[in-house]
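# Results of the structural survey
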Amino acid sequence: MPEPGTTAVVIVLPDAAPLLDAAWRIDPALVRRGVPAHVSLLYPFVPESALTGQDEEGVRSLAASFPAADLLLEEVVTASGFVAVTVPGLQPVVDAFRAQWPGLRPYGGRFGARPAAHVTVAMGTDDPTAAAHVRAAIGSLLPLRACAAAVQLVVLTKKGWQSRFTAPLGVPGGP
């Protein structure tokens, strides 16, 4: 479990919320409530206590170098403990963020050096029957169109994940 001060760089995909809702209806314990559907570009990112203005500017600048994207989500993947939907249209963005901060290991290395861009739908699905039900429920919603418009730097606080800032995709010098 991550500790307060942990940060991540994500792209929130509001259009993918029905996937999480479907999993929640099967078993609420499988979905991290309060965490919207998103693709993690870098998790964990630089700890909040070590974040610099250069890190923040790097996130903003890299976000500006990619256009907003219309995405097609269509493939469900399962692995030990989770069900996800791949987002291949965001793989170049994920790869660029990882290349910008090569010393950071995505997910602490749990899923290899280059885990695919994805929306995690359910976690803790060690029960194969629950995983199959989630897979079937979200599979019935695919293909799903989603729009990626901005990158967020988020920080885990005692109250949950909070946005530190949002940087629009494709907008140089964005807020």
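Quick caveat: nothing in here was measured; it's all calculated off a predicted structure.

## Quick notes on the packing of aromatic side chains
A full pass over the atoms with the stated rule returns six aromatic pairs. Ring geometry for tyrosine 43 versus tryptophan 161: centroids 6.3 Å apart, planes at 70°, classification edge-to-face. Of this pair, tyrosine 43 sits in the loop between β2 (38–42) and α2 (53–64) while tryptophan 161 is found in strand β9 (residues 160–168), placing the two residues 118 residues apart along the sequence. Aromatic pair tyrosine 107 and phenylalanine 111: ring centres 5.5 Å apart, planes at 80°, arrangement edge-to-face. Take tyrosine 107: its relative accessible area is 11%, and that puts it in the buried class. By relative accessible area, which is 36% here, phenylalanine 111 ends up partly exposed.

## A few points about the packing of helix α1 (residues 17–26) against helix α4 (residues 128–139)
For any two helices packed against each other, one specifies the inter-axial angle together with the distance between the axes. Axis separation between α1 and α4 bottoms out at 9 Å; the angle between their running directions is 145°. α1 and α4 meet at a crossing whose hand is right-handed. In this structure, α1 contributes Leu19, Ala22, Ala23 and Ile26 to the contact, and α4 contributes His133, Val134, Ala137 and Ile138. Split into classes, the residues belonging to the contact of α1 with α4 amount to seven nonpolar, one polar and no charged.

## Focus: the pattern of salt bridges
Applying the stated criterion across every chain, the model contains four salt bridges. Its salt-bridge partner being arginine 164, residue glutamate 48 comes within 3.5 Å of it at the nearest N-O pair. On the criterion of sequence distance, the pair formed by glutamate 48 in the loop between β2 and α2 and arginine 164 in strand β9 is long-range, its members being 116 residues apart. On the basis of relative accessibility, which here comes to 37%, the residue arginine 164 falls in the partly exposed class. With a shortest N-O distance of 2.5 Å, arginine 114 and aspartate 95 are connected by a salt bridge. You can see arginine 114 sitting in the loop between α3 (91–100) and β6 (118–123) and its partner aspartate 95 sitting in helix α3, a full 19 residues away along the chain.

## Quick notes on α3
Among all positions of α3, only Gln91, Val93, Val94, Phe97 and Arg98 are buried. An end-on view of α3 places all buried positions within 160° of arc, on one side of the element. Check the buried side of α3 and you find it contacts β1 (7–12), β2, α2 and β8 (150–157).

## Describing the environment of valine 151
With respect to the helices and strands, the residue valine 151 is situated in strand β8. Relative accessible area serves as the criterion here: at 0%, valine 151 is assigned to the buried category. Sequence-wise, valine 151 and alanine 16 are 135 residues apart; in three dimensions their C-alpha atoms are separated by 16 Å. Leave out the neighbours within four places in its chain, and valine 151 touches Val9, Val10, Ile11, Leu41, Val59, Ala63, Phe97, Phe165, Thr166, Ala167 and Leu169.

## Things to note about α2
Here α2 spans 16 Å end to end across twelve residues, near enough to the 16 Å set by a 1.5 Å rise per residue. Among all positions of α2, only Asp55, Glu56, Gly58, Val59, Leu62, Ala63 and Ala64 are buried. Its buried side turned inward, α2 meets β1, α3, β8 and β9.

## Focus: the packing of α2 against α3
Running from N to C, α2 and α3 cross one another at 150°; their axes reach a closest spacing of 11 Å. When the interaxial angle is binned, α2 and α3 end up roughly antiparallel. When the axes of α2 and α3 are compared, the crossing they make is right-handed. Of the residues in α3, those in contact with Val59, Leu62 and Ala63 of α2 are Ala96, Phe97 and Gln100. Here the contact of α2 with α3 is composed, by residue class, of five nonpolar, one polar and no charged.

The rules behind the values
Residues numbered from 1 in each chain as written. Predicted model: local features only at pLDDT ≥ 70, side-chain atom pairs only at ≥ 80, totals over all residues. Heavy atoms only, no water. Phe/Tyr/Trp six-rings, centres within 6.5 Å; stacked < 30°, edge-to-face > 60°. Helix = DSSP H or I, 4+ residues; strand = E, 2+ residues; numbered from the N terminus. Buried < 20%, exposed > 50% of the residue type's maximum accessible area, 1.4 Å probe, protein only. Axes fitted to C-alpha atoms, helices over the stretch in contact; angles between N-to-C directions. Left-handed = near helix turned anticlockwise from the far one by under 90°. Contact = heavy atoms within 4.5 Å. Nonpolar A, V, L, I, M, F, W, Y, C, P; charged D, E, K, R; others polar. Salt bridge = Lys/Arg side-chain N within 4 Å of Asp/Glu carboxyl O. Arc of directions from axis to C-beta. Expected span 1.5 Å × (residues − 1). Parallel < 35°, antiparallel > 145°, perpendicular 65-115°, else oblique.

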